[in-house]
Structures are given as C-alpha cells and as structure tokens.
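Chain by chain, the residues:
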Amino acid sequence: MNRIFYIIVKNLFRVPVWFYRIWKLGLPEDSHTDEQRYDYIRNVVKKVNKSGRVEICVHGTENLPSENGFILFPNHQGLFDVLALMDACPNPFTVVVKKEASNLILVKQVIKALNGFSIDRQDIRASMEIIAKMAEGVKNGRNYVIFPEGTRSREGNKLLAFKGGTFKSAINAKCPIVPVALIDSFKPFDEKSSKKQIVQVCFLKPLYAEDYQKLKTMQIAEIVHDKIQEEINRKIG
C-alpha cells in the first residue's frame, strides 16, 4: 500500500484538524511565537511518522550550535526529507523550498506557519531577495533549512553536486553552516510499501565563519557535499 495513503487512512479524523490549525498558525494575525508554531507542527510530524511506520534514528544533536541563528544544509532525497528533519531537530527552523513544491496542499500552509520561503531558481533577482531575507532572519536568531542540491537525487544515497549559490545567505550572515546527512529518506514515499522503514538523520560538526570566510562559495559547497557523502558511506558501509 502506498505509504501516503496509509498515513491518511490511519489519521483520517485527525487530518482536517491538523490542516485547520496549521492554516490558522499561518495567518497574519496569529499571535503564537515561532517556537510554539514549530512545536505544534513538529508534534504533528512525529505522529505522522509513527503512524506511517517510519522510525527516525538521530545522530549528532550535540553538533547543533548552542545558539540559534544557523542554517542546516542537508542532502535532498524526496518529499519525506522535511518530515525527517523536523522529527529529528529540537531547534525551531523554517524552510526554503523550490517554487513548485510550495503550491502543494499542506506544504503551502506549513511554509506560511513557519515563515518560510519559496524560491524560483530561474528568477535571479527574486532568488537574491530571498538570500538577503534569509541572512537578515539568521542575524535575528532564526534557523533555516535549504537543500544545496537544488533538486532531489534520484540515486538513493548518492549525492548530486551542491550549488554554491545556496551558501550565500550563510556567508552574508556569517553564521554556522550545519551539514546534515539524510540516509534512506527516499524509501518511505518512493517504495510502494507500508512496511517499517528506518531513516537516519545525522547532524555533522558545523563550519563557523572563521572556517569558511576565506573560501569561495563553490569551495564551501564541495566541502559540505563531501562531508555528507562520507558520513553516508560510513553509516551504510
């Protein structure tokens, strides 16, 4: 059975309530804090993952910076990635997704509730504006997730090349760059089965401004890419 259908059936009476509450959290007049919004959505995500028979195995939470104002850079395997990250990460974060994904039902509402962004990579000017907004948000103590591959890998746990431009926000904000290795995150929604799956989320040691300030964006991209691929290879043998 398709896992998404399985999850919907298992939560048939909860889904409308979740959708309504997340929609309300994204309204301009909502008074909840970023932490309260994140905690609610994270709690929903944990229930979704559990009901979908997906176990999230988390490594390296001690590598998350002690202060907010950082950016997570994970590899991109599919639609389940954000569910895995949110289940794993105790620190509130918001998301940056490509424009096509931002129009999906519920994804759109979650982005609004978390004050996230959608980015059109074909529109250079709009992309630069998003980069500037992210840098400002990070300086104000917000955390972000952005996928430096730009699109999902179709080769399982093998990464695509990382795009240097995705690191410009971190450089402008001089914030910690946290590489994140996602392992088997493609399996829950790609495999036509509802059998139990284990997805690993590995937070790697961050790069701080002093580590990358003399590097070009493509050099940073290659370093982060290689750290993640090495961790994946090490974990899966």
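To keep things clear, this report deals only with the structure shown in the data block. (Residues numbered from 1 in each chain as written. Predicted model: local features only at pLDDT ≥ 70, side-chain atom pairs only at ≥ 80, totals over all residues. Heavy atoms only, no water.)

1. Let's talk about the packing of aromatic side chains
Geometrically, a pair of aromatic rings is defined through the distance of the ring centres and the angle of the planes. Applying the stated criterion across every chain yields a total of 5 aromatic pairs. Ring centres of Phe 117 and Tyr 144 lie 6.1 Å apart, and the angle between their planes is 10 degrees; this geometry places the pair in the stacked category. Of this pair, Phe 117 sits in strand E4 (residues 117-119) while Tyr 144 sits in strand E5 (residues 144-146); the two residues are 27 residues apart in sequence, bridging distant segments of the chain. The residues Phe 117 and Tyr 144 share a single accessibility class, namely buried. (Phe/Tyr/Trp six-rings, centres within 6.5 Å; stacked < 30°, edge-to-face > 60°. Helix = DSSP H or I, 4+ residues; strand = E, 2+ residues; numbered from the N terminus. Buried < 20%, exposed > 50% of the residue type's maximum accessible area, 1.4 Å probe, protein only.)

2. Here we look at the side chain of His 225
With respect to the secondary-structure elements, His 225 resides in helix H10 (residues 217-236). According to the relative accessible area criterion, His 225 is buried, its value standing at 17%. Only 3.2 Å separates the side chain of His 225 from the backbone oxygen of Leu 160, close enough to count as a polar contact. (Polar contact = N/O pair within 3.5 Å; in protein donor to acceptor, adjacent residues only side chain to side chain.)

3. A short note on the nonpolar core
The biggest cluster of nonpolar side chains holds 36 residues, and the ones touching the most others in it are Leu 72, Phe 93 and Val 201. For this core, the secondary structure elements donating two or more residues are helix H2 (15-25), helix H3 (34-51), strand E1 (54-59), helix H4 (81-88), strand E3 (94-98), helix H5 (107-113), strand E6 (177-183) and strand E7 (197-203). At 5 residues, the largest contribution of residues to this core is made by H3. Judged by nonpolar contacts, the second largest core, of 30 residues, contains Ile 119, Ile 146, Leu 159 and Ala 173. (Core = buried A, V, L, I, M, F, W, Y, C linked by side-chain atoms within 4.5 Å.)

4. Focus on the environment of Pro 28
Inspection of the secondary structure assignment puts Pro 28 in the loop between H2 and H3. Given a relative accessible area of 81%, Pro 28 falls into the exposed group. Pro 28 sits 173 residues away from Val 201 along the chain, and the two C-alpha atoms are 33 Å apart.

5. Details of the packing of H2 against H3
Where H2 contacts H3, the two axes come as close as 11 Å, and the packing angle between them is 160 degrees. Judged on the interaxial angle alone, H3 and H2 are roughly antiparallel. Remark: the crossing between H2 and H3 carries left-handed chirality. Each of Val 17, Trp 18, Arg 21, Ile 22 and Leu 25 in H2 lies in contact with H3, whose residues at this interface are Arg 37, Tyr 40, Ile 41, Val 44, Lys 47 and Val 48. (Axes fitted to C-alpha atoms, helices over the stretch in contact; angles between N-to-C directions. Parallel < 35°, antiparallel > 145°, perpendicular 65-115°, else oblique. Left-handed = near helix turned anticlockwise from the far one by under 90°. Contact = heavy atoms within 4.5 Å.)

6. Regarding the sheet that holds E5
Taken in spatial order, the 7 strands make up an open sheet running E1-E7-E6-E2-E5-E3-E4, and their pairing is mixed. Where the open sheet ends on each side, the last strands, each with one partner, are E1 and E4. For this sheet, the mean inter-axis angle between neighbouring strands, taken without regard to orientation, is 25 degrees. Relative to E4, E3 runs parallel, the two being bridged by 3 bridges. Bridge assignment links Lys 98 to a residue of E4, and that residue is Ile 119. Contacts from H10 reach E1, strand E2 (71-74), E6 and E7, with the element oriented near 35 degrees to E6. (Pairing = 2+ DSSP bridges.)

7. Re the packing of H3 against H4
It is the contact of H3 with H4, at a shortest axis distance of 9 Å, that shows an interaxial angle of 115 degrees. Between H3 and H4, the angle is such that the two are roughly perpendicular. Our pair here, H3 against H4, has a crossing hand that is left-handed. Note on element contacts: H4 touches H3 through Leu 83, Met 86, Asp 87 and Ala 88, opposite Tyr 38, Ile 41, Arg 42, Val 45, Lys 46 and Asn 49. Its residues assigned to classes, the contact of H3 with H4 shows 6 nonpolar, 1 polar and 3 charged. (Nonpolar A, V, L, I, M, F, W, Y, C, P; charged D, E, K, R; others polar.)

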